[in-house]
Amino acid sequence: MTYLIRDAVPADLPDIRDIYNDAVLNTTAIWNEQPVDLGNRQAWFDARQAQQYPILVAVDAAGDVLGYSSFGDWRPFEGFRHTVEHSVYIRADQRGNGLGPKLMEALIERARGCGKHVMVAAIESGNAASVRLHERLGFTLNGTLPQVGVKFGRWLDLTFMQLILNPGAEPNH
């Protein structure tokens, strides 16, 4: 399969919205229960742009979005300014084709490039494929919070993993 990973542009937002909404409606990857509209994804896009945080898309030769990845602040306190939490979502008919690792690798490089120190993954504990992906990329398991979420009428556990992006780096101000 031929694809290109590039920065998202506003024209990608309908495809991004559709991928997001599929995950909302059919998976436990996102713990929201209601689909979002284009205005929601535009506000999310604008917020990432304002923070100078990337949204990357994998697109096919026709320009259709096959998946996307992004990161944002992990917590809204100054002491956490060097830590980001990421997300990666692949269109349902493209899962298992190797796009997730490629989008993650590009995102990790962007995080390193903007001086971030740690990337956090918060994964629904039953999502073994996502846990394995993160392990292959060097993330370490840091713990699980049992029954902190609910979706589809059942309790969900949350697994935290992290990748230290710049081991040995001193904090900058």
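For the structure, see preceding data.
Before going into details, it helps to say that this report is about the structure given with it. Position labels on residues start from 1 in each chain and follow its written sequence. In view of the model being predicted, local features appear only for residues whose pLDDT reaches at least 70, and side-chain atom pairs are presented and counted only at 80 or more, with totals across whole chains, interfaces and linings using the full set of residues. Hydrogens are left out, water is left out, and the side-chain values use all remaining heavy atoms of the structure.

### Brief notes about the side chain of Glu124
Alright, step 1. Only runs of H or I of at least four residues qualify as helices and only runs of E of at least two qualify as strands under DSSP, and these elements are numbered from the N terminus. Here Glu124 shows up in strand E5 (residues 118-124).
Alright, step 2. Residue exposure (1.4 Å probe, protein chains only): buried if accessible area is under 20% of the type maximum, exposed if over 50%, otherwise partly exposed. Positive charge is attributed to Lys and Arg, negative charge to Asp and Glu, and no charge count is given to His or to the chain ends. Just to be clear on terms, a salt bridge is a Lys or Arg side-chain nitrogen sitting within 4 Å of an Asp or Glu carboxyl oxygen. Despite its burial, Glu124 remains without a salt bridge, the nearest opposite charge being carried by Arg154 at 4.5 Å.
Alright, step 3. Two N or O atoms form a polar contact when they lie within 3.5 Å of each other; inside protein one atom must be a possible hydrogen donor and the other a possible acceptor, and for residues adjacent in sequence the pair counts only when both atoms belong to side chains. Reaching out from Glu124, the side chain makes a polar contact with the side chain of Thr28 at a distance of 3.1 Å.
Alright, step 4. Working rule for contacts: check all heavy atoms of both residues, and any pair within 4.5 Å makes them a contact. Residues contacting Glu124, with those up to four places away along its chain left out, are Thr28, Trp31, Arg154, Leu156, Asp157 and Leu158.

### Notes on the layout of surface pockets
In this approach the atoms are scanned with a rolling probe the size of a water molecule, which exposes any empty space left behind.
Alright, step 1. Points on a 1 Å grid over protein atoms alone make up a cavity when a 1.4 Å probe fits among them but cannot get out, and a pocket when they form an open set with protein on both sides within 12 Å along at least five of seven lines; lining residues each have an atom within 4 Å of a point. Grid points are joined across faces, edges and corners, and a volume is the space filled by probe spheres set on the points. Considered as a void within the structure, the largest pocket measures approximately 1000 Å³ in volume.
Alright, step 2. Forming the boundary of the largest pocket are 41 residues, of which Ala29, Val88, Tyr89, Asn127 and Ser130 lie nearest the centre.
Alright, step 3. Secondary structure elements with two or more residues in the lining of the largest pocket: helix H1 (13-26), helix H2 (38-50), strand E3 (65-73), strand E4 (83-90), helix H3 (99-113), E5 and helix H4 (128-136).
Alright, step 4. Ten residue types, Ala, Val, Leu, Ile, Met, Phe, Trp, Tyr, Cys and Pro, are classed as nonpolar, four, Asp, Glu, Lys and Arg, as charged, and the remainder, Gly among them, as polar. Classifying every residue of the lining of the largest pocket gives 19 nonpolar, 14 polar and 8 charged.

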